[in-house]
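Next come the chains, spelled out residue by residue.
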Amino acid sequence: FMKKLLSAGLCLSMFLLAGCQGQPQDTTLTITDQAGREVTFEEPCQTAASGYYITTTIMIGLQQQDKLTGIEMKPETRPIYAKAAEEILDLPQLGNKKMFNVEECAKADPDVVFLPVSLESYVEELEALDIPVVLLEPETADDFEEAVEIIGKVMGCEDKVDEYKQYEEDLLEKYELDEVEEEPTVYFAGSDLLTCATDDMYQGEILSYAQADNAIDAEGSSWVNIDIETLLAANPDYVFIEAGSLSADDFKNDARVQELQAVQNDHVYVFPSTLETWDTPSLSSCLGKLWAASILHPELVSMDDVEAESVAFYEQFYGFTPEAQDLAL
């Protein structure tokens, strides 16, 4: 009787074990994109198309460039691509922040498309072709961090995201900026002398890290226009100019700003670098924070420090060693 009971128990155990092993495992992945949409994938994506620069450069920095099947238009204007991922220059060019070529995207056959929220109108058409869409809007520091995490989950490279987050944290904690006794005021100019950044923008996060006050007290998540009287009244200690916009001489030689303290002290600087802009949301913007701190507090962060950290960053995340003219410090 005992033998029969043990045999029956063994058979039941094997049956239950086989049943458990035979149950399908739920490997689906659901993310909430930055338009608040839930997008579900059966598994991490093996290929992707990118509709604009920010997502393309994140993909490269996370070492996912081999998975790209299409990218935004005019990639030849992005020096970082030629240095870090030259092969993507030959990929189909699908669009920009204002338009997207659905037909060409379908030919590229990606598992997912990363688009800016401004192109949400293309979602229905792409999903009708069974192409999932993830919408991103990484315009602030928190939103950029979330966008990187979303891309990492979708592409199955969360380890690379963790590596970057730890690197950024260690880098920004390395320099003792909390020792700053007095914070200078900075006017952050955009495409025009009287267009400036607010504290709500990514540029505001840069100033915050660099222990500086925004000279203009304005709200909003995009560039704002002011009048010359407002700028003269603010009388900033320093002027930063977004990369690819005005030159320092353009600003300093304008007759309207000759009385500004920043102009008289020759404290007008254009943000680096020639590789990519460090003052907008990107993996390399941590270097922009360091550069701003070096300009404002050279006793705590030297420009040699910025150069050394920049070389280490690009070697680790983009796989090449930048030269001095690439950084334009």
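Predicted model, so just to flag it, every value in this text is computed and none were measured.

Asker: Hey, could you run me through helix H6 (residues 141-155) in this one?
Answerer: Residues spaced three or four apart along an α-helix face the same direction, because each turn holds 3.6 residues. Its 15 residues give H6 an end-to-end C-alpha distance of 21 Å, which sits within 8% of 21 Å, the value for a rise of 1.5 Å per residue. Residues Ala 141, Phe 144, Ala 147, Val 148, Ile 150, Ile 151, Gly 152, Val 154 and Met 155 constitute the buried set of H6. The first or second residue beyond H6 is Gly 156, which carries a positive phi of 70°.

Asker: Where do I start with the pairing of strand S7 (residues 185-189) in this structure?
Answerer: Each regular strand displays side chains that alternate between the two surfaces of the sheet. The element S7 is extensively covered by neighbouring structure, given that four of its five residues are classed as buried. Relative to strand S11 (residues 238-241), S7 is paired through four bridges, and the arrangement is parallel. Residue Val 186 lies in a different strand from S11, and its bridge partner there is Tyr 238.

Asker: Just to check I follow, could you spell out the pattern of salt bridges for this structure?
Answerer: Pairs can form between side chains of opposite charge whenever their charged atoms are close. Counting across every chain of the model gives twelve salt bridges. A salt bridge links Arg 37 to Asp 33; its shortest N-O distance comes to 2.4 Å. Judged by its relative accessible area of 4%, Asp 33 is buried. In this structure, the salt-bridge partner of Lys 107 is Glu 104, at a minimum N-O distance of 3.3 Å. Of this pair, Lys 107 and Glu 104 both sit in helix H4 (residues 102-108), three residues apart, which is roughly one turn of that helix. For Glu 104, a relative accessible area of 27% corresponds to the partly exposed category. Through salt bridges that share partners, Asp 33, Arg 37 and Glu 127 make up one connected network.

Asker: Mind showing me how you'd approach helix H2 (residues 53-61) here?
Answerer: By the criterion of burial, H2 is predominantly enclosed, with nine of the nine residues buried. Buried within H2 we find Tyr 53, Ile 54, Thr 55, Thr 56, Thr 57, Ile 58, Met 59, Ile 60 and Gly 61. After H2 finishes, the residue Gln 63 shows a positive phi value of roughly 60°.

Asker: How should the state of the cysteines be read in this particular structure?
Answerer: In total, this model carries zero disulfides according to the counting rule given. For Cys 45, which is in no disulfide, the shortest distance to another cysteine sulfur is to Cys 157 and amounts to 11 Å.

Asker: Hey, could you run me through the sheet that holds strand S3 (residues 48-50) in this one?
Answerer: Neighbouring strands of a sheet are bound in pairs by backbone hydrogen bonds; such pairs are parallel or else antiparallel. Within the open sheet, the four strands sit side by side as S4-S3-S5-S6. Their pairing is parallel. Pairing within the sheet leaves two strands with one partner each, and these edge strands are strand S4 (68-70) and strand S6 (133-136). Between one strand axis and the next, the sheet turns through 35° on average, direction left out of account. Pairing of S3 with S4, which is carried by two bridges, proceeds in the parallel orientation. From the neighbouring strand, Ala 48 faces S4, where its bridge partner is Leu 68. Sitting on the sheet, H2 touches S3, S4, strand S5 (113-116) and S6, and the angle it makes with S3 is about 135°. Strands in contact with H6 are S3, S5 and S6; relative to S6, the strand with the most contacts, it is inclined by about 165°.

Reading guide: rules and limits
- Residues numbered from 1 in each chain as written.
- Predicted model: local features only at pLDDT ≥ 70, side-chain atom pairs only at ≥ 80, totals over all residues.
- Heavy atoms only, no water.
- Helix = DSSP H or I, 4+ residues; strand = E, 2+ residues; numbered from the N terminus.
- Expected span 1.5 Å × (residues − 1).
- Buried < 20%, exposed > 50% of the residue type's maximum accessible area, 1.4 Å probe, protein only.
- Pairing = 2+ DSSP bridges.
- Salt bridge = Lys/Arg side-chain N within 4 Å of Asp/Glu carboxyl O.
- Disulfide = S-S within 2.5 Å.
- Axes fitted to C-alpha atoms, helices over the stretch in contact; angles between N-to-C directions.
- Contact = heavy atoms within 4.5 Å.

Geometric values such as these leave the question of function open.
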